[in-house]
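Here are the chains, one letter per residue:
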Amino acid sequence: MKTAAALVVAAAAALQPAAPRRAVQTRRHGFFEDLFGSDDPAKNAAKDEQWRIQQDVLKRRQSKEATNKYFDDVDANRQKAKQEQVTKWAFQRDPTQDSLIGWKKLRDSGEIGDLKTGLGTDGKKREGGLPIPLPSFGLGGEAGVGGEYDNGERFDLRLPYVDQGYEDPDADVMGKLMDLFKKKPPKEGE
């Protein structure tokens, strides 16, 4: 009898209406946020502009003439940038003058950014470039250990004597090692 009463109570509880649940709203944060549009007209305008740019790229890729013109423009810009770099750093290859003088002139005119802070010639922090995935021990920069001259760029290539190629004669370790195994000529007294 107890079992039947328990079954009746359980069936009655199952037929009772459930308490109203509160509607749970979730906000989309992160990767899929505003995927299908936004309430913000500025975001929608930016998305439409990116869509237009993407469509222009697709049209250019489908047209052989437009693709050739694009790559001709890219090559012309690269040649121009290369020539500017060659003329800017030509003082380093001039054997008649000290490279430090030319380097200081470029520093004073503002054509060389600050090596210590990483600020460019326009006074803004340089972003991008090719990251070198090795730790720069002692130089550090922002991500490294304690240094201040790295800042994600090859600062050593902007120093005054980089193209003159000074070599320390005592730095040839292998040459010194090979000298140990060379047969020494006998002394005259022996």
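Just so we're clear, the structure is a prediction, and the values are computed from it rather than from any experiment.

### Quick word on the packing of aromatic side chains
This structure, assessed with the given rule, holds 2 aromatic pairs. Both rings, one in Y70 and one in F71, keep their centres 5.2 Å apart while their planes meet at 70°; by these two values the pair is edge-to-face. Residue classification places F71 among the partly exposed positions, given a relative accessible area of 46%. For the ring pair W89 and F91, a centre distance of 5.8 Å and an interplane angle of 35° mean the geometry is tilted. A relative accessible area of 10% means that W89 is categorised as buried. Look at F91 and you get buried, because its relative accessible area is 11%. Looking at R60, its charged tip hangs above the ring of Y70, at a distance of 3.9 Å from the centre.

### Remarks on the environment of L100
Along the polypeptide, L100 turns up in helix α4 (residues 99-109). Classification of L100 as partly exposed rests on a relative accessible area of 26%. L100 sits 60 residues away from P160 along the chain, and the two C-alpha atoms are 5.2 Å apart. Once residues within four sequence positions are removed from consideration, L100 is found in contact with P160 and Y161.

### Some details on the nonpolar core
Across soluble globular proteins, you tend to see nonpolar side chains buried next to one another. Judged by nonpolar contacts, W89, F91, W103, L106 and I112 together constitute the single largest core of 5 residues. With near-sequence residues (within four places) excluded, F91 lies in contact with Q97, S99, G102, W103 and L106.

### Some thoughts on the side chain of Q92
Position of Q92 among the secondary structure elements: in the loop between α3 (64-88) and α4. Once residues within four sequence positions are removed from consideration, Q92 is found in contact with S99, L159, P160, Y161, V162, D163 and Q164.

### Concerning the confidence of the model for the chain
Summary statistics for the chain give a mean pLDDT of 75 and a share of 56% for residues scoring 70 or more. Segment residues 143-147 is flagged for pLDDT under 50; beyond a separation of four residues in sequence, or across chains, it makes 7 contacts in the model.

### Points about the packing of helix α2 (residues 41-62) against α3
How two helices sit against one another is set out by the angle between their axes and by the gap between those axes. α3 packs onto α2 with a crossing angle of 105° between their chain directions and a minimal axis gap of 5 Å. Here α3 runs roughly perpendicular to α2, going by the angle between their axes. The segment α2 lies against α3, with R60, R61 and Q62 engaging K64, A66, T67 and Y70.

### Considering the pattern of salt bridges
If you walk through the whole model with that rule in mind, you get 4 salt bridges. In this structure, R52 engages E49 in a salt bridge whose closest nitrogen and oxygen atoms are separated by 2.7 Å. With R52 and E49 both in helix α2 and 3 residues apart, this pair spans about one turn of that helix. Residue E49 is classed as partly exposed on the basis of its relative accessible area of 35%. Taking the shortest distance from any N to any O, the salt bridge between K69 and D73 comes out at 3.0 Å. Here K69 and its partner D73 are both found in helix α3, 4 residues apart, which amounts to about one turn of the helix.

### Some remarks on a nonpolar patch on the surface
On the surface, M174, L177, M178, L180 and F181 cluster together into a nonpolar patch covering about 590 Å² of accessible area. Its location among the elements puts M174 in helix α5 (residues 173-181).

### Some thoughts on a negative patch on the surface
Judged by side-chain charge, E167, D168, D170 and D172 come together as a negatively charged surface patch. As for its position among the elements, D168 is in the loop between α4 and α5. D168 sits in the partly exposed class, given a relative accessible area of 39%.

Calculation criteria
Residues numbered from 1 in each chain as written. Predicted model: local features only at pLDDT ≥ 70, side-chain atom pairs only at ≥ 80, totals over all residues. Heavy atoms only, no water. Phe/Tyr/Trp six-rings, centres within 6.5 Å; stacked < 30°, edge-to-face > 60°. Buried < 20%, exposed > 50% of the residue type's maximum accessible area, 1.4 Å probe, protein only. Lys NZ or Arg CZ within 6 Å of the ring centre and 35° of its normal. Helix = DSSP H or I, 4+ residues; strand = E, 2+ residues; numbered from the N terminus. Contact = heavy atoms within 4.5 Å. Core = buried A, V, L, I, M, F, W, Y, C linked by side-chain atoms within 4.5 Å. pLDDT = per-residue confidence, 0-100. Axes fitted to C-alpha atoms, helices over the stretch in contact; angles between N-to-C directions. Parallel < 35°, antiparallel > 145°, perpendicular 65-115°, else oblique. Salt bridge = Lys/Arg side-chain N within 4 Å of Asp/Glu carboxyl O. Patch = residues over 30% accessible without salt bridge, like charges linked within 9 Å, V, L, I, M, F, W, Y side chains within 5 Å. Areas by Shrake-Rupley, 256 points an atom, 1.4 Å probe, with all protein chains shown as cover. Lys, Arg positive; Asp, Glu negative; His and termini not counted. Charge placed at Lys NZ, Arg CZ, Asp CG, Glu CD.

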